[in-house]
Amino acid sequence: EDQVTQSPEALRLQEGESSSLNCSYTVSGLRGLFWYRQDPGKGPEFLFTLYSAGEEKEKERLKATLTKKESFLHITAPKPEDSATYLCAVQGNYGGSQGNLIFGKGTKLSVKP
Amino acid sequence: EAGVAQSPRYKIIEKRQSVAFWCNPISGHATLYWYQQILGQGPKLLIQFQNNGVVDDSQLPKDRFSAERLKGVDSTLKIQPAKLEDSAVYLCASSLVSYGYTFGSGTRLTVV
């Protein structure tokens, strides 16, 4: 069964204190791994897609990396506006369910000034 | 580009009542998804449409949930009758191809 586990469940950082969020996954053939940001009362907002082990993508203070078993979202010198829940999802290569994303429970990040 | 529109934003109903949610995807997006997000959890797929046909509804509780996508554009999701455990945010998403979903802001349903 395809599964996504995110850790930690919650993370509190001081402004400027860099850290990483983890996403461990098991999937029958990875088609893509997705990171989303979700603010309270809003739908998930797309951040990155990673397709193969060794791939990295960056956007402002965020950098996502991918191995065969897990992905990391590195946050460098975070600011209070980076506070949100970060969701990881995988998409597998299998017939009838192509395109469906399987999500983890998310990591709630709080950045204090 | 206009985003995915959903309505209503909030809904409070009593158990055993019925409720309907509406979604208007991004223009031209053939694939539409309905997800359920219970507080503290990640979104879970309920149903996937490709144009106006159902691709995957394996996790839709068909005894009480139904969904349709007429003319391959707008979609409605209905719950009848609602249970307390249906309290959640119902998210609609659309995509042009299988990658890069765009989500709406969701409908927060509270069943009392």
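See the structure shown above.
The notes below deal with the structure included here. (Residues numbered from 1 in each chain as written. Chains lettered and ligands numbered in written order. Predicted model: local features only at pLDDT ≥ 70, side-chain atom pairs only at ≥ 80, totals over all residues. Heavy atoms only, no water.)

### With respect to the overall build of chain A
Okay, step 1: Per the secondary structure count, chain A includes 0 helices and 11 strands.
Okay, step 2: The C-alpha atoms of chain A give a radius of gyration of 14 Å, which matches the 13 Å a tight globule of 113 residues would have.
Okay, step 3: Relative to its 113 residues, chain A shows a buried fraction of 46%.
Okay, step 4: Taking all contacts inside chain A whose residues are at least 6 apart in sequence as the whole, residues at least 24 apart take part in 55%.
Okay, step 5: A total accessible area of about 5,600 Å² is found for chain A, and carbon and sulfur atoms account for 47% of it.
Okay, step 6: The positive charge centre, built from 14 side chains, and the negative charge centre, built from 14, are 2 Å apart in chain A. (Helix = DSSP H or I, 4+ residues; strand = E, 2+ residues; numbered from the N terminus. Rg over C-alpha atoms; globule rule 2.2 N^0.38 Å. Buried < 20%, exposed > 50% of the residue type's maximum accessible area, 1.4 Å probe, protein only. Contact = heavy atoms within 4.5 Å. Areas by Shrake-Rupley, 256 points an atom, 1.4 Å probe, with all protein chains shown as cover. Lys, Arg positive; Asp, Glu negative; His and termini not counted. Charge placed at Lys NZ, Arg CZ, Asp CG, Glu CD.)

### What to know about the overall build of chain B
Okay, step 1: A count of helices and strands for chain B gives 0 helices and 11 strands.
Okay, step 2: Mapped from its N terminus to its C terminus, chain B presents α and β elements in the order β-β-β-β-β-β-β-β-β-β-β.
Okay, step 3: Projecting the C-alpha coordinates of chain B onto the three principal axes gives extents of approximately 35 × 25 × 25 Å.
Okay, step 4: In chain B, which comprises 112 residues, the share counted as buried stands at 46%.
Okay, step 5: At a minimum sequence separation of 6, the contacts of chain B that also span at least 24 residues come to 51%.

### Here's the deal with the pattern of salt bridges
All names here are of chain B.
Okay, step 1: All chains considered together, the criterion is met by 6 salt bridges over all chains.
Okay, step 2: Ionic pairing is found between Lys62 and Asp57, a salt bridge with its closest N-O pair at 3.7 Å.
Okay, step 3: Given a relative accessible area of 27%, Asp57 falls into the partly exposed group.
Okay, step 4: Arg64 is the partner of Asp86 in a salt bridge, and the nearest nitrogen-oxygen pair spans 2.5 Å. Taken as a pair, Asp86 in the loop between β8 (75-79) and β9 (88-95) and Arg64 in the loop between β6 (53-56) and β7 (65-68) lie far apart in primary sequence, 22 residues in all.
Okay, step 5: The exposure class of Arg64 is buried, given its relative accessible area of 11%. (Salt bridge = Lys/Arg side-chain N within 4 Å of Asp/Glu carboxyl O.)

### A short note on the state of the cysteines
Okay, step 1: Taken as a whole and judged by the stated rule, the model has 2 disulfides over all chains.
Okay, step 2: With a sulfur-sulfur separation of 2.0 Å, Cys23 of chain A is cross-linked through a disulfide to Cys88 of chain A. Between Cys23 of chain A and Cys88 of chain A, the S-S torsion sits near -65°, and that sign places the bridge as left-handed. A residue pair is termed long-range when its members are at least 10 positions apart, and Cys23 of chain A in strand β3 (residues 19-26) and Cys88 of chain A in strand β9 (residues 84-92) qualify at 65 residues. Residue Cys23 of chain A shares its accessibility class with Cys88 of chain A, and that shared class is buried.
Okay, step 3: Here Cys23 of chain B pairs with Cys92 of chain B through a disulfide, and the sulfurs are 1.9 Å apart. Here Cys23 of chain B and Cys92 of chain B share a disulfide; its torsion about the S-S bond, -70°, makes the bridge left-handed. You can see Cys23 of chain B sitting in strand β3 (residues 19-24) and its partner Cys92 of chain B sitting in strand β9, a full 69 residues away along the chain. Each member of the pair, Cys23 of chain B together with Cys92 of chain B, is buried. (Disulfide = S-S within 2.5 Å.)

### What about the interface of chain B and chain A?
Okay, step 1: The interface of chain B with chain A comprises 20 residues on the first partner and 21 residues on the second.
Okay, step 2: Buried surface at the junction of chain B and chain A, both sides included, amounts to about 1,600 Å², of which 46% is carbon and sulfur.
Okay, step 3: Linking chain B with chain A are 0 salt bridges, by the criterion used here.
Okay, step 4: For the interface between chain B and chain A, the tally reads 5 residue pairs in polar contact (both at pLDDT 80 or more).
Okay, step 5: When residues of the side of chain B that touches chain A are traced back to their parent elements, those giving at least two are β4 (31-37), β5 (44-50) and β6 of chain B.
Okay, step 6: By residue number, the principal contributor to the side of chain B that touches chain A is β4 of chain B, which donates 3 residues.
Okay, step 7: The class makeup of the residues in the side of chain B that touches chain A is 9 nonpolar, 9 polar and 2 charged. (Buried area = accessible area lost by both parts, 1.4 Å probe. Polar contact = N/O pair within 3.5 Å; in protein donor to acceptor, adjacent residues only side chain to side chain. Nonpolar A, V, L, I, M, F, W, Y, C, P; charged D, E, K, R; others polar.)

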